[in-house]
Amino acid sequence: MALSLRAGRRRLHSPAALASTLCYVSPSTDPYTNLAFEDWLVRTTDPQQYVLYLWRNRPTVVIGRNQNPWKECALGLMRARDVWLARRTSGGGAVYHDLGNTNYTVLMPRAAFSRDTCAEMAARALQQLDVPAHVTARHDVAVGDRKVSGSAFRLTSARAFHHGTMLVDADLARLSGCLRSPHADHIDARGVDSVRSPVANLRDYSLAVDHDAFCDAVRRQFVAMFGPARDMPFSTDVNDEMRRRIGAWEWLYGQTPDFEHRMERHFPWATISGHIAAHRGHIAAVNLALPPMALGAPPHISKALADIGALLSGARYDRAAVAERLALARTGSAHAAELCDWIEAAFQ
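In this report, the structure presented in the accompanying data block is examined. (Residues numbered from 1 in each chain as written. Predicted model: local features only at pLDDT ≥ 70, side-chain atom pairs only at ≥ 80, totals over all residues. Heavy atoms only, no water.)

### Details of the overall build of the protein chain
Helix and strand counts for the protein chain come out as twelve helices and 15 strands. Going through the 348 residues of the protein chain one by one, you find that 53% of them count as buried. For the protein chain, the proportion of contacts with a sequence separation of at least 24, taken over those separated by at least 6, is 73%. Per element, the accessible surface of the protein chain, about 15400 Å² overall, is 51% carbon and sulfur. Each charge class in the protein chain was averaged separately, 40 positive and 35 negative side chains, and the resulting centres sit 4 Å apart. (Helix = DSSP H or I, 4+ residues; strand = E, 2+ residues; numbered from the N terminus. Buried < 20%, exposed > 50% of the residue type's maximum accessible area, 1.4 Å probe, protein only. Contact = heavy atoms within 4.5 Å. Areas by Shrake-Rupley, 256 points an atom, 1.4 Å probe, with all protein chains shown as cover. Lys, Arg positive; Asp, Glu negative; His and termini not counted. Charge placed at Lys NZ, Arg CZ, Asp CG, Glu CD.)

### Focus on the sheet that holds strand E15 (residues 282-289)
Overall, antiparallel pairing links the four strands, which are arranged E11-E13-E14-E15 in an open sheet. Of all the strands in the sheet, just strand E11 (187-189) and E15 have a single pairing partner and so form its edges. Shown here is a sheet whose adjacent strand axes are inclined to one another by a mean of 15°, direction ignored. When strand E13 (residues 259-267) meets strand E14 (residues 270-279), the two strands line up antiparallel, connected through nine bridges. The residue bridging phenylalanine 267 from the neighbouring strand is alanine 270, located in E14. Its contacts with the sheet place helix H10 (residues 301-312) against E14 and E15, and it is angled at close to 175° to E15. Its contacts with the sheet place helix H12 (residues 334-345) against E13, E14 and E15, and it is angled at close to 140° to E13. (Pairing = 2+ DSSP bridges. Axes fitted to C-alpha atoms, helices over the stretch in contact; angles between N-to-C directions.)

### Side note on helix H7 (residues 211-226)
Spanning 16 residues, H7 covers 22 Å between terminal C-alpha atoms, matching the ideal 22 Å at 1.5 Å per step. Of all 16 residues in H7, twelve are buried, a share of seventy percent or more. Inspection of H7 places His211, Ala213, Phe214, Cys215, Ala217, Val218, Gln221, Phe222, Val223, Ala224, Met225 and Phe226 among the buried residues, and these make up the whole buried set. Its side-chain oxygen 3.3 Å from the backbone nitrogen of aspartate 212, aspartate 210 forms the N-cap of H7. (Expected span 1.5 Å × (residues − 1). Polar contact = N/O pair within 3.5 Å; in protein donor to acceptor, adjacent residues only side chain to side chain.)

### Some words on the packing of H10 against helix H11 (residues 319-326)
Here H10 crosses H11 at 130°, and the two axes come no closer than 9 Å. In terms of axis orientation, H10 runs oblique to H11. Regarding H10 and H11, the two cross each other, and that crossing is right-handed. Only Val322, Arg325 and Leu326 of H11 make contact with H10, whose side of the interface consists of Ile308, Leu311 and Leu312. Partitioning the contact of H10 with H11 into residue classes produces five nonpolar, no polar and one charged. (Parallel < 35°, antiparallel > 145°, perpendicular 65-115°, else oblique. Left-handed = near helix turned anticlockwise from the far one by under 90°. Nonpolar A, V, L, I, M, F, W, Y, C, P; charged D, E, K, R; others polar.)

### Comments concerning the nonpolar core
Counting residues in each nonpolar core, the largest one holds 63 residues, and the members touching the most others are Val61, Ile308 and Leu339. By residue number, the principal contributor to this core is helix H2 (residues 31-44), which donates six residues. Among all residues touching isoleucine 308, those that are not within four sequence positions of it are Leu288, Leu326, Ala329, Leu339, Cys340 and Ile343. Core analysis: the next-biggest nonpolar cluster, separate from the first, contains 37 residues, Cys118, Ala122, Ala123 and Ala217 among them. (Core = buried A, V, L, I, M, F, W, Y, C linked by side-chain atoms within 4.5 Å.)

Here you go:
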């Protein structure tokens with residue numbers, strides 16, 4: 001029999017749903033394993049099942065399916081701080097994960113889905129922990145004017161899932177700067193841009209809240225909304241192939257929608273403008289040029305620019321790959337070496 005919800009809540013479950021409500025808790029902190037398992041749940045669970053999946057990652061920036069990591073992230077800073085990059089199969093913006101951040105995923109029938117349903121579930125869980133949370137117009141969870149949880153969604157013909165991140169006690173100092181690319185203003189991207197919001201940890205509002213307390217509270221709300229849940233074992237080897245795919249360069253970077261990187265540099269001997277077009281994470285076209293009617297530029301610069309463009313065409317949009325290609329052009333002249341230094345610095 002369906003559980004009665006208190007006034008103001010919708011009755012979201014049916015007798016059929018009560019027999020097919022599942023809960024998984026991941027013991028892994030590997031982002032590629034956890035994201036692969038999430039995708040496995042979407043692909044293999046019955047479309048009529050309600051599933052709650054709780055998990056955490058090591059320090060990682062996770063971008064949405066259609067986002068541009070070079071525009072969203074400070075990749076060099078992330079490498080220096082040992083922060084990994086991952087890409088979700090769902091949409092939404094870039095978020096920071098670490099062991100102080102708890103992720104909750106809810107899968108449900110498409111017909112039962114709304115963008116606020118699971119955000120409201122998370123907000124009620126926090127209210128049970130004496131944190132005065134509410135759902136925003138952007139379907140995030142906030143306390144006052146500070147966001148504590150973002151949301152992303154994925155819809156298929158029969159299935160829907162809500163992916164949420166909850167900042168419990170995240171290392172915001174380590175996060176600082178990782179979500180701000182130094183080249184963001186110079187990249188024109190077709191993908192989805194993140195919407196920046198001021199954030200806070202739950203620990204700012206309650207010292208009693210931790211990962212386990214939040215998971216317990218969310219599970220209770222999940223059961224109240226969708227019916228008694230069966231705890232399921234988590235397997236890290238059920239999706240080895242998917243884990244390799246979701247951690248591969250072709251997914252992390254090659255999935256990026258087409259974009260163009262604009263650049264300009266004033267050298268003592270000339271001003272050079274550049275446009276680099278990228279397709280599936282590779283350099284598709286390079287246009288490096290002097291301004292019209294440029295005066296005083298060394299006569300060999302036009303050839304050096306053409307040679308550099310030809311060398312870069314087809315390379316991965318990656319600083320190491322670009323540096324390897326540019327090594328062939330550096331020996332042409334001192335001016336060519338300056339050009340190569342400038343172009344290489346434009347890549348993270």
